[in-house]
Amino acid sequence: MTVALVTGVAGQDGSYLAERLAAEGTLVHGLVRAGERPVGLPGEVRLHRGDLRDAEGLAELVRRTRPDEIYNLGGVSSVAYSWRHPVETGAVSGLGAVALYDAAWRLQEDEGRAVRVLQASSAEIFGTPDRAPQDEATTVRPTSPYGAAKAYAHQMAAVYRARGLGVSTCVLYNHESPRRPETFVTRKITAGAARIAHRGSGTLALGNLDARRDWGWAPDYVDAMVRAARHPVADDFVVASGATRSVADFAAAAFAAAGVDDWEPHVTVDPRLVRPADPGEQVGDARRARAVLGWGGTLAFEEIVGRMVRHDLARLTG
Ligand code: GDP
């Protein structure tokens, strides 16, 4: 039986990954932080309390669970948080990843068998990229504590790869689902559009409507991570839809999906929500993932938005 260890198992990606692995018969161990209450995870998932900042605890967990595959999805999940907590961000999202690679490498040495590692890397490692679209050869030049921590983890993956550990990275662009918290603009919009459609009135306050993102479907991105972890040759893989839409595009699609044709009267711009420094155009070129991993996104933009809106409408109508 394949054994997997998943950090960040309580998050959006972790929960989809745990479901997928458990359904195919993999034994899943999940790392959750103290006080974190994962909901809706399959019952078979074995939860372990721990912290990515605790390198010795991680090493012990890896020694004890003896995984074939390690997925590092844990860590700080927002750029904004990283500005408020830069030291924690570096410790969790940077050093925490290295602690896992090192524990995996030691297990591999001790047992004389391959241990595969998948690092959830991020488009934020490119900061304000000087070219679009970005691919695996684009200069890593982060512009936030979050991006810098992820860049360190990304580059240490290559260091451990050269040392003989099968560690791959997926450089993930934004990926959404009904499991996104409302701190992300996508879910904020779909929850808001559903609420306004349900009541027949109301407004939603947003920030920069012109900000553009390369948005994909989270379960597809989890699929890319599994394919990358299992590919015989470890490498870096950009995982992206390859197209950007604006926040306004997202709002128009969400209100349309909720049955509200004219979205503009329902959206206001609150200057406090406009970020002082939004990054430049982040859009990914996923040709390597397509060619090498046979990966592709399964849902068009409108369908991603539609599924999120239908989920939020269903919650309101019970
Ligand atoms: P991010 O890519 O991880 O920052 O994902 P977010 O979903 O938080 O933000 C995506 C984009 O939406 C950013 O460029 C924000 O400036 C923009 N945006 C506009 N209005 C809002 C809002 O009300 N909330 C959030 N979170 N983002 C907003």
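An account of the accompanying structure is given in this report. Since we're looking at a predicted model, the values are computed, not measured.

Cut-offs applied
- Residues numbered from 1 in each chain as written.
- Predicted model: local features only at pLDDT ≥ 70, side-chain atom pairs only at ≥ 80, totals over all residues.
- Heavy atoms only, no water.
- Near = heavy atom within 4 Å.
- Polar contact = N/O pair within 3.5 Å; in protein donor to acceptor, adjacent residues only side chain to side chain.
- Nonpolar A, V, L, I, M, F, W, Y, C, P; charged D, E, K, R; others polar.
- Axes fitted to C-alpha atoms, helices over the stretch in contact; angles between N-to-C directions.
- Helix = DSSP H or I, 4+ residues; strand = E, 2+ residues; numbered from the N terminus.
- Left-handed = near helix turned anticlockwise from the far one by under 90°.
- Contact = heavy atoms within 4.5 Å.
- Core = buried A, V, L, I, M, F, W, Y, C linked by side-chain atoms within 4.5 Å.
- Buried < 20%, exposed > 50% of the residue type's maximum accessible area, 1.4 Å probe, protein only.
- Expected span 1.5 Å × (residues − 1).
- Pairing = 2+ DSSP bridges.

Every one of the 14 residues lining the ligand counts as a neighbour, but Val-185, Lys-188, Gly-207, Arg-213 and Arg-275 are closest to it. Contacts to the ligand include Arg-213, whose side-chain N or O atom sits 2.6 Å from an oxygen atom. For the shell around the ligand, the residue count by class is 6 nonpolar, 4 polar and 4 charged.

Taken N-terminus to C-terminus, the directions of helix H1 (residues 12–23) and helix H7 (residues 218–230) make an angle of 60°; their axes are 9 Å apart at the nearest point. At the point where H1 passes H7, the crossing takes the right-handed sense. Contact residues: H1 offers Gln-12, Asp-13, Tyr-16, Leu-17, Arg-20 and Leu-21, while H7 offers Ala-218, Pro-219, Val-222, Asp-223, Met-225, Val-226 and Arg-230. Its residues assigned to classes, the contact of H1 with H7 shows 8 nonpolar, 1 polar and 4 charged.

Ranked by size, the top nonpolar core spans 31 residues in total, and within it Val-6, Leu-17, Leu-21, Tyr-71, Met-225 and Trp-295 carry the most contacts. For this core, the secondary structure elements donating two or more residues are strand S1 (3–7), H1, strand S2 (27–32), strand S5 (116–122), strand S6 (166–172), H7, strand S11 (236–239) and helix H9 (287–293). Of all the elements, H7 adds the most residues to this core, at 8 residues. Among all residues touching Leu-17, those that are not within four sequence positions of it are Val-6, Tyr-71, Leu-73, Val-222 and Val-226.

With that settled, the discussion passes to helix H6 (residues 185–199). For H6, with 15 residues, the first-to-last C-alpha span of 21 Å sits near the 21 Å given by 1.5 Å per residue. Residues of H6 that are buried sit in contact with strand S7 (175–176), strand S8 (204–206), helix H8 (247–257) and helix H10 (301–317). Positive backbone phi, at 85°, marks Gly-200, one or two positions downstream of H6.

The next subject is H8. Since one α-helical turn is 3.6 residues long, residues separated by three or four positions face the same way. Residues Val-247, Ala-248, Phe-250, Ala-251, Ala-253, Ala-254 and Phe-255 constitute the buried set of H8. Phi turns positive one or two residues past the end of H8, at Gly-259, with a value near 90°.

Moving on, we get to the sheet that holds S2. Backbone hydrogen bonds are what pair the strands of a sheet, in a parallel or an antiparallel way. Sheet architecture is open: 7 strands sit in the order S3-S2-S1-S4-S5-S6-S11, paired in parallel fashion. Strands with a single pairing partner mark the edges of an open sheet, and in this sheet they are strand S3 (46–49) and S11. Along the sheet, successive strands turn relative to each other by an average axial angle of 20°, direction set aside. Both S6 and S11 contribute to a ladder of 4 bridges, which runs parallel. Considered in S11, the bridge of Val-171 is made with Val-238. In the packing of helix H5 (residues 145–162) onto the sheet, contacts are made with S5, S6 and S11, and the angle to S6 comes to roughly 150°.

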